[in-house]
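# Descriptive analysis of the structure
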Amino acid sequence: MSTTASKPAGEFRERLRELPPSAKLVAKVLETGEPLTQGQLAEESLLPDRTVRYALTRLEDQDLVVSRHSFRDARKQVYLLND
């Protein structure tokens, strides 16, 4: 979990605590460190696409997740926990 290396674990957890359960689950899936697309996150978390989209928005608003273009398919965004 590279996020806690640059941010204190307590701060990360405290900011995450205020978010809905779907955002917590998406963050937990992202702890693997592998960049995942929205579709992959939906598949891994068993959440509907719309719920994953909402969770990602909330996580990005809190600066807990970053997105970038996929190297495999530039049309897609991949998401990672913010370092």
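Structure's up top.
Let me begin by describing the structure that accompanies this report. Given the structure is predicted, the values throughout are model-derived calculations rather than measurements.

What follows covers helix α2 (residues 9-17). Those residues of α2 that fall on the buried side of the exposure criterion are Phe12, Arg15 and Leu16. Angular distribution of buried residues about the axis of α2 spans 100 degrees; they occupy a single face of the element. The exposed set on the far side of α2, more than 90 degrees from its buried face, consists of Arg13 and Arg17.

Within the secondary structure layout, Ser45 lies in helix α4 (residues 38-45). Exposure remark for Ser45: the relative accessible area of 9% places this residue in the buried category. In terms of polar contacts, Ser45 uses its side chain to reach the backbone carbonyl oxygen of Leu41, at 2.7 Å. Here Ser45 is in contact with Leu25, Val29 and Val52, once residues within four sequence places are set aside.

Next up on the list: the packing of helix α3 (residues 21-30) against helix α5 (residues 49-61). To characterise two packed helices, one gives the angle between the axes of the helices and the distance between these axes. Taken N-terminus to C-terminus, the directions of α3 and α5 make an angle of 85 degrees; their axes are 8 Å apart at the nearest point. Relative to α5, the element α3 lies roughly perpendicular. Where α3 approaches α5, its residues Ser22, Ala23, Val26 and Ala27 are matched on the opposing element by Thr51, Tyr54, Ala55, Leu56 and Leu59. Here the residues of the contact of α3 with α5 sort into 7 nonpolar, 2 polar and no charged.

Time to look at unusual backbone geometry. A positive phi angle is found at Leu46, which is not glycine, with a value near 65 degrees. Note that Leu46 resides in the loop between α4 and α5. Taking relative accessible area as the criterion, Leu46 reaches 77% and is therefore assigned exposed. Even without being glycine, Asp63 reaches a positive phi, approximately 60 degrees. Summarising the element assignment, Asp63 is placed in the loop between α5 and β2 (65-69).

Moving on: the pairing of strand β3 (residues 77-81). Along a regular strand, successive side chains alternate from one face of the sheet to the other. Counting buried positions along β3 gives 4 out of 5 residues, so the element sits mostly inside the fold. Of the pairings in the sheet, the one linking strand β1 (residues 36-37) to β3 comprises 2 bridges and is antiparallel in character. Within β3, the residue paired with Leu36 across the bridge is Tyr79. Relative to β3, β2 runs antiparallel, the two sharing 5 bridges. Counted as the bridge partner of Val66 is Leu80 from β3.

What counts as what
Residues numbered from 1 in each chain as written. Predicted model: local features only at pLDDT ≥ 70, side-chain atom pairs only at ≥ 80, totals over all residues. Heavy atoms only, no water. Buried < 20%, exposed > 50% of the residue type's maximum accessible area, 1.4 Å probe, protein only. Helix = DSSP H or I, 4+ residues; strand = E, 2+ residues; numbered from the N terminus. Arc of directions from axis to C-beta. Polar contact = N/O pair within 3.5 Å; in protein donor to acceptor, adjacent residues only side chain to side chain. Contact = heavy atoms within 4.5 Å. Axes fitted to C-alpha atoms, helices over the stretch in contact; angles between N-to-C directions. Parallel < 35°, antiparallel > 145°, perpendicular 65-115°, else oblique. Nonpolar A, V, L, I, M, F, W, Y, C, P; charged D, E, K, R; others polar. Pairing = 2+ DSSP bridges.

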